[in-house]
Protein chains: 2
Amino acid sequence: MPDETLTLRILPNETWVPVQVKTTARDALLKSGIVLHDYCGGEGRCGKCRIQFLEGAPEPTATEREFLTPEELSDGYRLACQARLKQDTVIFVPDEHRRPLTSVYMHDVKDGLLQPEPEVRKVHMRLSPATLEHQLADFDLLREALKTPTLQPEHEFLKKLPHVLRSSGYDATVILFGEDCLDIEAGDTTHPAGLGAWGASIDLGTTTIAGALYHLDTGCLVARTGRLNPQTVHGADVVSRILYASLKSSNLEEIRQMVVDCINDILSELCKLAGIEQESILHVTLAGNTTMEHLFLGIPTDGLPVAPYVPVFKDGLLIPAADAGLKAHPCARIYVFPAIGGFVGGDTVADLLVAGLEAADKPSLMIDVGTNGEIVLGDRGKLMATSAAAGPAFEGRNIQYGMRAERGAIDRVVIEKGLTIHTIGEAPAAGICGSGLISAISALLKAGMIDGSGRFITDSVEEMAGRFSRTEDGFQFMLAGKNEGASRDIYIHQNDIRQFQLAKGAIAAATLILMKEFGIAAEQLDKIYIAGAFGNFIAPTDAIRVGLVPVNEEKRITFIGNAALAGAGEVLLRADMRRRAETLARRVEFLELAGRPDFQDAFVRAMLFG
Amino acid sequence: MPDETLTLRILPNETWVPVQVKTTARDALLKSGIVLHDYCGGEGRCGKCRIQFLEGAPEPTATEREFLTPEELSDGYRLACQARLKQDTVIFVPDEHRRPLTSVYMHDVKDGLLQPEPEVRKVHMRLSPATLEHQLADFDLLREALKTPTLQPEHEFLKKLPHVLRSSGYDATVILFGEDCLDIEAGDTTHPAGLGAWGASIDLGTTTIAGALYHLDTGCLVARTGRLNPQTVHGADVVSRILYASLKSSNLEEIRQMVVDCINDILSELCKLAGIEQESILHVTLAGNTTMEHLFLGIPTDGLPVAPYVPVFKDGLLIPAADAGLKAHPCARIYVFPAIGGFVGGDTVADLLVAGLEAADKPSLMIDVGTNGEIVLGDRGKLMATSAAAGPAFEGRNIQYGMRAERGAIDRVVIEKGLTIHTIGEAPAAGICGSGLISAISALLKAGMIDGSGRFITDSVEEMAGRFSRTEDGFQFMLAGKNEGASRDIYIHQNDIRQFQLAKGAIAAATLILMKEFGIAAEQLDKIYIAGAFGNFIAPTDAIRVGLVPVNEEKRITFIGNAALAGAGEVLLRADMRRRAETLARRVEFLELAGRPDFQDAFVRAMLFG
C-alpha cells in the first residue's frame with residue numbers, strides 16, 4: 001500500500017501535514033519547510049538531526065542507538081534521517097533547529113536560547129483612524145501603534161500609505177527594517193505560507209557561491225543551494241580576477257554582472273525550493289572575501305594586489321538590494337559584510353560570528369579552508385587573523401577528477417581490508433570533492449601508500465597495487481572504476497596530492513606563524529574550529545592525519561561547516577548580529593605574511609606529511 | 001566718458017572688480033555675486049542695504065541722510081542702492097548681508113553673529129597614501145583626514161573613490177552632507193567661481209513659487225527669482241488641486257510633474273543669474289504648505305480636505321534631489337520642511353525660523369499673508385498656529401488687473417493732492433500686485449473714497465470723481481491711464497475690494513480667535529511680523545489702516561518679506577537649523593477653526609474697515 005498516508009502534527013509550529021507511510025521524518029519536515037541543522041546531508045553520520053516523537057515513535061535503528069542514549073530513546077528522541085513514519089505521529093522540533101547555528105557553538109559560553117529578533121519584520125496592525133479630537137497624520141498613526149516615535153518612512157512608502165490604509169479599512173501589514181518603514185500591504189501578510197518575512201544569506205566564495213533561505217519570524221532555515229562562481233572563467237584565484245577587472249572598466253562591470261546573475265539564480269532556486277515568490281525576500285546578507293565583495297559591488301580592486309594591499313572600503317555596507325542588482329522585494333536591503341583587511345574579508349567575520357572566538361577564555365583557532373584560507377587565533381579577547389592562498393583544491397578544482405560537493409561526488413574513502421568509497425546521495429561516483437580528497441589522502445597515508453614527501457608508494461599494500469597506473473606525468477590511483485559501479489574510472493593523481501600539499505601547507509604555515517605571534521604552542525590550543533564550503537563533514541582524524549591542524553586530539557576539533565553562510569544567516573535572524581559583525585571586523589588585527597621569511601620556511605616544512 | 005572704469009575692492013571677500021564710473025554700489029556688488037538683504041528691491045525705501053566705504057565714499061544723498069545717522073555717514077556707511085561709485089573704491093560688506101536673514105530679527109535675543117555652518121560642505125584634502133606600515137583602506141584615509149570616524153560612504157562614491165584618489169595624486173575634494181560622503185572630485189574644487197558648494201531654497205506657494213540661490217561657504221545670497229505655480233490651471237486654491245489630484249492617479253502624477261518642471265526652471269534661471277552650472281547645486285530646501293509639499297512629493301492628499309483633515313506625513317523629509325525629479329548635482333539632497341498640521345505647513349515653520357517667536361518673552365504674532373494665510377501666536381515659549389483660506393488676492397490673482405510682483409506692477413499708491421503711483425522697476429504700469437492692492441485700498445480709505453463696508457464713495461473727493469466709471473457689475477476706479485504713461489488703463493474694481501475684504505477678513509478673524517485662545521488683548525502684543533510673497537514692502541501704516549493687523553502702532557510691526565524662502569535658506573546655511581525646524585514643527589500647537597461659530601462671527605465683522 002504505497003499510497004497509504006498518515007497525519008503528522010509538527011510542534012511547536014502546530015502544523016498538520018499528510019505524509020506517506022514510510023517517509024523519513026527528515027523528508028516529511030522538509031516538505032513543511034523545516035530544514036534541520038545537520039551536517040551530513042541525511043547520511044546518519046553526524047547525529048545532529050535529532051527530534052522528539054511525542055506520539056508514534058518508530059523502533060530505533062542501529063545508527064540511532066549509536067548516537068542516542070537509552071534515556072533519550074525512551075524519551076522519544078530519534079534521528080530524523082533514520083526514523084520512518086508508520087502511523088499518525090506528533091513530532092516536536094527542538095529549538096536547536098530553529099535558532100541560528102551559532103547557538104550550537106555558543107552554548108558553552110552563553111546560557112539560554114537565542115530567539116530570532118530579525119532586523120526586518122512584518123507587523124500586522126488594526127488601526128483606529130484619526131478623528132478631529134485625535135488628529136494624527138497617517139504616518140503618525142503607525143508610529144503610535146508601533147510605539148516607535150522615531151520610525152522613519154521611505155518616500156515611496158508615503159506615496160502608497162494613504163491608499164492602503166483606507167482601502168484596507170486600516171487593517172494592514174507594515175514591513176520594517178529596524179526603524180525604517182519599507183512597505184505596507186493591505187490585510188495580514190505575516191503568515192508564513194508563501195508570505196511572511198523571508199531572508200537569504202549568501203557566501204560569496206572565489207570558487208563557490210552558496211545561498212540559504214530563512215523564514216525570519218521563526219528562524220527556520222528553509223533551503224540551501226550553491227553554484228560555481230562564474231567568474232572562474234577569468235581565473236581560479238582572486239588575483240587573476242583583479243587583473244582582468246583592471247584591464248578596462250567594462251571588464252569590472254562584466255564580472256560584476258556575472259556574479260549578480262549567479263546570485264539571482266541562487267535566490268530563484270531557493271525560492272522555488274521553499275515555494276515562495278522571489279519578491280518575498282526582504283533581506284539579503286552577503287559575506288565574501290574582500291575582493292569578491294568589491295567586485296560584487298562594482299568597486300575597483302586595483303589597490304588590492306600591490307603593496308600596500310589596501311581595499312577601498314572595509315566597513316559593512318547596507319544598501320537597497322535593487323541598487324546591487326538583486327531580484328527580491330523592491331524595498332529589500334542587502335548587507336555586505338565588513339572586512340578585516342585586504343585579504344581577510346567579510347566571510348571570515350561571518351565565520352567568527354559562528355565560532356565565537358572572542359568569548360573564549362582559552363586560546364582557540366578558527367580555520368576557514370577555501371581557495372583563500374583564513375586563519376584566526378583568539379586568546380582572552382585578543383584576535384588576530386591572517387590569510388594564505390591555498391588555491392581551489394579544497395573545492396575540487398584543479399584536481400584531475402575534482403568536482404563540487406554535489407550528488408555523486410566521492411566524499412569519504414576508507415582503505416581497510418580493501419577500498420570503500422562513499423558518495424554524496426549514494427549515487428554512482430562521478431568525481432571527488434574537497435572533503436573526499438582529504439579523506440582519500442588520509443586513507444592513503446594511513447595505509448602507508450603515500451610517504452612523508454607526498455609521493456605514492458605503489459607497492460606498499462599488495463591488494464592495492466593493481467589500482468595504480470602510470471601516466472605521462474606520474475602515477476595515479478584508482479578510487480572507483482566503471483566496473484565497480486562508478487559512472488567513469490576515477491583516479492587520484494600524484495599531481496592532485498601535490499596540489500593538496502601546497503594548499504594545506506599554506507594554511508598550516510600561516511597557522512604556525514600566527515601561533516608564534518601569540519607565543520602559543522599547539523598543546524595550549526583549547527578548540528579548533530574548521531569551516532569550509534568544500535562539501536561535507538571532515539573527520540577530525542583525517543584533519544589531523546593530513547596535517548591541516550596543529551593538534552593530535554580529535555576532541556579539540558569542531559567542524560562548523562559553511563560557517564560564512566551560517567554567520568551571514570545570523571545577521572538575518574538577529575539585528576544585534578550586524579553590530580557585532582562591525583565590532584568584530586574592527587577588533588581583529590591583521591597579520592601580513594607577505595615578505596616574511598619565517599613564513600616561507602614554515603610553508604616548505606608544512607607541505608610534508610607526518 | 002561713459003566707458004571710464006574704476007577698481008572696486010570688496011572686503012572681506014578680497015575680490016577686485018573693474019566697474020564703470022557712476023554704477024551704484026548695489027549693481028557693482030551684484031555683478032560680483034553679492035545680493036544685499038534689502039526688501040525694497042533697490043528703491044531706497046527700506047534702508048536695509050547699508051554697506052561701509054573704507055575708501056572712495058561718495059557724497060551722501062538725501063535718502064541716505066534720512067536712513068543713516070551723521071556718525072554712520074562719517075564712518076563711511078552708505079546705502080548701496082543710492083551710492084554711485086566715482087573713483088577707486090574699497091567697500092566692506094557687513095555681516096548682515098552674508099548671514100541668514102534670521103539674525104536681523106534674532107539679534108534682539110541673541111548676541112553675536114551666525115556664521116554659515118552648512119550641512120553640505122566641500123572639503124579639499126591632500127592625503128598621504130597608505131603604506132605597509134599604515135595600511136588604511138582608501139575610505140579610512142578620508143576618515144582619518146577629516147577626523148570623522150563615523151563618516152559613511154554612498155555606494156556610488158566607493159566605485160569612484162579609488163580612481164579619483166590615484167589619478168589626482170591623492171589631491172581631491174570631497175562633498176559631504178553631514179557625515180555622508182556624497183562625491184569626490186580631483187583637485188581643489190572648493191573655489192567659489194563657478195565651483196564651490198551651492199544651495200537653493202524654494203518657497204512652494206499655492207500661487208507663487210520663489211527660489212533663491214546661496215553660496216554655502218560664504219553664506220551669500222546670490223540670486224532670487226519666481227514663477228506662477230503652474231498648477232493654478234487646476235484651480236486657485238489647494239482644495240481644487242486636491243480634488244483634481246484625487247480624480248485619477250495620473251492626475252496626481254501630472255500636477256506633481258508640473259511643479260517639478262517649474263522648480264527645475266527656477267533652478268536653471270538662478271544658476272544662469274549666478275553664472276554656475278546647475279550641477280553645482282548640492283542642496284535644495286523646500287518649504288510649502290502641507291498640500292503643496294505632498295503634491296510635490298507625489299503623496300496623495302485625499303485625506304486633507306475632509307474631516308479629520310489629516311496629512312499623510314508631517315515630518316521633514318530628506319531624500320536625494322533626483323528622487324524628487326530635480327535637476328541638480330547627481331548626489332544632491334532635498335529637504336522638504338516639516339508641517340505643523342494639515343493646513344499649517346512647512347512654509348510656516350520656515351517663517352518661524354526667521355521670526356523667532358519661540359524665543360520672544362512677550363506675546364508676539366506672525367502673519368504669513370498668502371493664498372492660504374497662516375497666523376502664529378507665541379507667548380513665553382507657547383506657540384499656537386492656525387490658518388485661514390484668504391484666496392489669491394494678496395498675490396495679485398482673481399483681481400481684475402492683478403499681476404505678480406514683477407516689473408511694471410503698481411506696488412504703491414498715494415492719494416494726496418492728486419494720485420501718485422509707483423511701479424516695480426519704475427516701468428510703465430502694467431497691472432497691480434498684492435502690495436499695490438493693499439496700498440491702493442489704504443489710500444482710498446484715507447481719502448474717504450471707500451466706506452466702512454468697503455463700498456466706493458464716488459463723489460467724496462472732487463478731483464478724483466472723473467477716475468470712477470461704472471461697469472456691468474459695479475464701479476471701478478482708474479489707478480493709471482494709458483494717457484498717463486501706463487501700458488494700458490488700469491482699474492481697481494469694486495469686486496477687487498470685495499476680494500480683498502474676504503482675504504483680510506479671514507486673516508484678521510483667525511488672528512482674533514488665536515488671541516482669544518491665549519487670552520491676550522491687542523495692546524499686549526509686543527511685535528507683529530508680517531511675511532508674504534506678495535511683492536514688495538508693505539508700509540506698516542497701510543497694514544494698520546486696512547485692518548490686516550490688530551494694532552495701531554507702526555513701530556510694533558515688522559515686515560519680514562518672503563520669510564518662508566529666507567527660512568528655507570537658513571537650513572541651507574546652518575546644519576542646526578534643520579533640527580530646529582523639526583523641533584519647532586512638533587512644538588507648535590494647531591488650532592482648528594473648522595466649525596467654530598465664533599470664527600464665523602469674527603470673520604463677518606473683520607471684513608469691514610475701520
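Owing to the predicted nature of the structure, the values given are computational and were not obtained by experimental measurement.

Calculation notes
Residues numbered from 1 in each chain as written. Chains lettered and ligands numbered in written order. Predicted model: local features only at pLDDT ≥ 70, side-chain atom pairs only at ≥ 80, totals over all residues. Helix = DSSP H or I, 4+ residues; strand = E, 2+ residues; numbered from the N terminus. Rg over C-alpha atoms; globule rule 2.2 N^0.38 Å. Buried ≥ 20, exposed ≤ 12 C-beta atoms within 10 Å, placed from the backbone. Contact = placed C-beta atoms within 7 Å. Least-squares fit on C-alpha atoms with pLDDT ≥ 70 in both. pLDDT = per-residue confidence, 0-100. Pairing = 2+ DSSP bridges. Axes fitted to C-alpha atoms, helices over the stretch in contact; angles between N-to-C directions. Nonpolar A, V, L, I, M, F, W, Y, C, P; charged D, E, K, R; others polar. Domains from an automatic or database assignment. Parallel < 35°, antiparallel > 145°, perpendicular 65-115°, else oblique. Left-handed = near helix turned anticlockwise from the far one by under 90°. Expected span 1.5 Å × (residues − 1).

K.L.:
An account of the overall build of chain A is requested, with residue identities and associated values reported.
P.N.:
Along chain A, the regular secondary structure elements total 16 helices and 27 strands. The C-alpha radius of gyration computed for chain A amounts to 26 Å, which stays within 12% of the reference 25 Å derived for 610 residues, consistent with globular compactness. When its C-alpha atoms are laid out on the principal axes, chain A stretches across 95 × 65 × 45 Å. Taking all 610 residues of chain A together, the buried fraction comes to 52%. Within chain A, contacts between residues at least 6 apart in sequence are counted, and of these 66% link residues at least 24 apart.

K.L.:
Talk me through the relation of the copies chain B and chain A; I want residue IDs and the actual numbers.
P.N.:
With an RMSD of 0.2 Å, the fit of chain B onto chain A corresponds to turning through 180 degrees and sliding 0.0 Å along the axis. The two molecules are tied by a two-fold rotation axis, judged by turn and shift. A symmetric contact is evident, with 100% of the interface residues of chain B recurring at the interface of chain A.

K.L.:
If you had to explain the confidence of the model for chain A to someone new, which residues and values would you point to?
P.N.:
Any residue range with low pLDDT should be treated as having predicted coordinates unsuitable for detailed reading. Residue and element names in this part refer to chain A. For chain A, per-residue confidence averages 89 on the pLDDT scale, and residues scoring 70 or more make up 93% of the total. The least confident element of chain A is helix α4 (residues 102–106), whose mean pLDDT is 36; the most confident is strand β15 (residues 333–336), at 98. Among the prediction metrics, the complex's ipTM stands at 0.80, with pTM recorded as 0.82.

K.L.:
Which residues make up the pairing of strand β11 (residues 208–215) of chain B, and what values do they have?
P.N.:
All names here are of chain B. In terms of burial, β11 is largely enclosed, as eight of its eight residues are buried. By the alternation rule, side chains of β11 split into Thr208, Ala210, Ala212 and Tyr214 and Ile209, Gly211, Leu213 and His215, which are all buried. Examined bridge by bridge, strand β10 (residues 198–204) and β11 share seven bridges and lie antiparallel to one another. Paired with Asp203 across the two strands is Ala210, which belongs to β11. Taken together, β10 and the strand that follows it, β11, pair antiparallel across an intervening segment of three residues. In this sheet, strand β12 (residues 220–228) lies alongside β11 in antiparallel orientation, the contact comprising eight bridges. Counterpart to Tyr214 in the pairing with β12 is Leu221. Taking the residues between adjacent antiparallel strands as the criterion, β11 and β12 are bridged by four residues, where Gly219 takes a positive phi near 80 degrees.

K.L.:
Talk me through the environment of Val604 of chain B; I want residue IDs and the actual numbers.
P.N.:
Considering the arrangement of structural elements, one finds Val604 of chain B in helix α16 (residues 597–606). On a C-alpha basis, the gap between Val604 of chain B and Gly561 of chain B in space is 28 Å, while along the polypeptide they are 43 residues apart.

K.L.:
Lay out the sheet that holds strand β25 (residues 527–532) of chain A in plain terms, naming residues and giving numbers.
P.N.:
Through backbone hydrogen bonds, the strands of a sheet pair up, either in parallel or in antiparallel fashion. Residue and element names in this part refer to chain A. One open sheet holds the six strands; their spatial order is β26-β25-β16-β17-β18-β27, and the pairing between them is mixed. Pairing within the sheet leaves two strands with one partner each, and these edge strands are β26 (557–561) and β27 (589–590). One ladder, built from eight bridges, connects strand β17 (residues 372–379) with strand β18 (residues 382–389); its direction is antiparallel. Looking at the pairing, Asn372 lines up with Ala389 of β18. Sheet strands touched by helix α10 (residues 346–355): β16 (364–369), β17, β18, β25 and β26. Its angle to β16, the strand with the most contacts, is close to 135 degrees.

K.L.:
Please set out the interface of chain B and chain A residue by residue, giving values where relevant.
P.N.:
Interfaces are frequently sized by the accessible area removed from exposure as the parts join. Residue-level contacts link 34 residues of chain B with 34 residues of chain A. Of all elements in the fold, only α5 (138–146), α6 (155–167) and β14 (317–320) of chain B reach the threshold of two or more residues within the side of chain B that touches chain A. In terms of residue count, α6 of chain B provides more of the side of chain B that touches chain A than any other element does, six residues in total. Classifying every residue of the side of chain B that touches chain A by side-chain character gives 21 nonpolar, six polar and seven charged.

K.L.:
Go over the domain arrangement of chain A, please, and point to the residues and values.
P.N.:
Here chain A is partitioned into domain 1 (5–97) and domain 2 (120–186). Using only C-alpha atoms to locate each centre, domain 1 of chain A and domain 2 of chain A end up separated by 42 Å.

K.L.:
Can you explain helix α10 (residues 346–355) of chain B? Please cite residues and give values.
P.N.:
Residues and elements named next belong to chain B. With 10 of 10 residues buried, α10 lies mostly within the body of the structure. When α10 is considered as a whole, its buried residues turn out to be Gly346, Asp347, Thr348, Val349, Ala350, Asp351, Leu352, Leu353, Val354 and Ala355. Downstream of α10 by a residue or two, Gly356 has a phi angle that is positive, lying close to 60 degrees.

K.L.:
Explain the sheet that holds strand β6 (residues 120–126) of chain B to me, using residue names and the numbers behind them.
P.N.:
Residue and element names in this part refer to chain B. What the four strands build is an open sheet, ordered β6-β8-β9-β7; its pairing is mixed. Of all strands in the sheet, those bounded by a partner on one side alone are β6 and β7 (152–153). Taken together, the two bridges between β7 and strand β9 (residues 180–186) define a ladder with parallel strand orientation. The partner of Gln152 across the bridge, within β9, is Asp180. Across the sheet, α6 touches β7, β8 (171–177) and β9, and the angle it forms with β9 is around 35 degrees.

K.L.:
Explain the environment of Pro363 of chain A residue by residue, including any values.
P.N.:
All names here are of chain A. Mapped onto the elements, Pro363 comes out in the loop between α10 and β16. Classification of Pro363 by C-beta neighbours within 10 Å gives buried; the count is 22. Residues Pro363 and Ile10, spaced 353 residues apart in sequence, show a C-alpha to C-alpha distance of 41 Å. Setting aside residues no more than four positions away along its own chain, Pro363 makes contact with Leu377, Asp379, Phe518, Ile520, Gln524, Leu525 and Asp526.

K.L.:
Any chance you could break down the packing of helix α12 (residues 494–518) of chain B against α16 of chain B for me, citing the residues and the numbers?
P.N.:
Residues and elements named next belong to chain B. It is the contact of α12 with α16, at a shortest axis distance of 8 Å, that shows an interaxial angle of 130 degrees. Relative to α16, α12 is oriented oblique. The element α12 and its partner α16 pack so that their crossing is right-handed. Taken together, the residues of α16 that come into contact with α12 (itself represented by Gly505, Ala506, Ala508, Ala509, Leu512 and Ile513) are Asp598, Phe599, Ala602, Phe603 and Ala606. Here the contact of α12 with α16 is composed, by residue class, of nine nonpolar, one polar and one charged.

K.L.:
Run through helix α8 (residues 249–274) of chain A, naming residues and quoting values.
P.N.:
Residue and element names in this part refer to chain A. With 26 residues, α8 should cover 38 Å at 1.5 Å per step; its first-to-last C-alpha distance of 38 Å lies within 8% of that length. At its buried positions, α8 is contacted by β10 (198–204), β11 (208–215), β12 (220–228), α7 (238–247), β13 (281–288) and α9 (290–297). Trailing α8 by a residue or two, Gly275 shows a phi angle of about 70 degrees, which is positive.

K.L.:
I'd like a rundown of the pairing of strand β22 (residues 468–471) of chain B, residues and numbers included.
P.N.:
Residue and element names in this part refer to chain B. Relative to strand β23 (residues 474–480), β22 is paired through four bridges, and the arrangement is antiparallel. Bridging across to β23, Arg470 finds its partner in Phe475. In textbook terms, the turn of a hairpin is the stretch between consecutive antiparallel strands, and for β22 and β23 this stretch comprises two residues.

K.L.:
Break down the environment of Glu185 of chain B for me, with residues and values.
P.N.:
All names here are of chain B. Along the chain, Glu185 turns up in strand β9. A residue is classified by how many C-beta atoms lie within 10 Å of it, and Glu185, with 17 of them, is partly exposed. Along the primary structure Glu185 and Asp171 are separated by 14 residues, whereas in three dimensions their C-alpha atoms are 9.0 Å apart. Beyond its immediate sequence surroundings of up to four residues, Glu185 is in contact with Ala172 and Thr173.

K.L.:
Quick one: what's the story with unusual backbone geometry, residue by residue and with numbers?
P.N.:
Residue Pro308 of chain A is reached from Ala307 of chain A by a cis peptide bond, and omega for that bond is 0 degrees. Relative to the helices and strands, Pro308 of chain A resides in the loop between α9 and β14 (317–320). One non-glycine residue, Lys22 of chain B, adopts positive backbone phi at about 80 degrees. Positionally, Lys22 of chain B belongs in the loop between β2 (15–20) and α1 (25–31). Of the residues examined, Lys22 of chain B has 13 C-beta atoms within 10 Å and is grouped as partly exposed. Positive phi, close to 40 degrees, is recorded for Arg380 of chain B, a residue that is not glycine. Following the sequence through the fold, Arg380 of chain B ends up in the loop between β17 (372–379) and β18 (382–389). For Arg380 of chain B, a count of 9 C-beta atoms within 10 Å translates into the label exposed.

K.L.:
Lay out the packing of α10 of chain B against helix α15 (residues 575–587) of chain B in plain terms, naming residues and giving numbers.
P.N.:
Residue and element names in this part refer to chain B. For the pair α10 and α15, the least separation of the axes is 10 Å and the interaxial angle reads 115 degrees. By the angle between their directions, the pair α10 and α15 is classed as roughly perpendicular. Here the hand of the crossing between α10 and α15 comes out right-handed. Contacts between α10 and α15 pair Val349, Leu352 and Leu353 from the former with Met577, Arg580, Ala581, Leu584 and Ala585 from the latter. For the contact of α10 with α15, the class distribution of residues is seven nonpolar, no polar and one charged.

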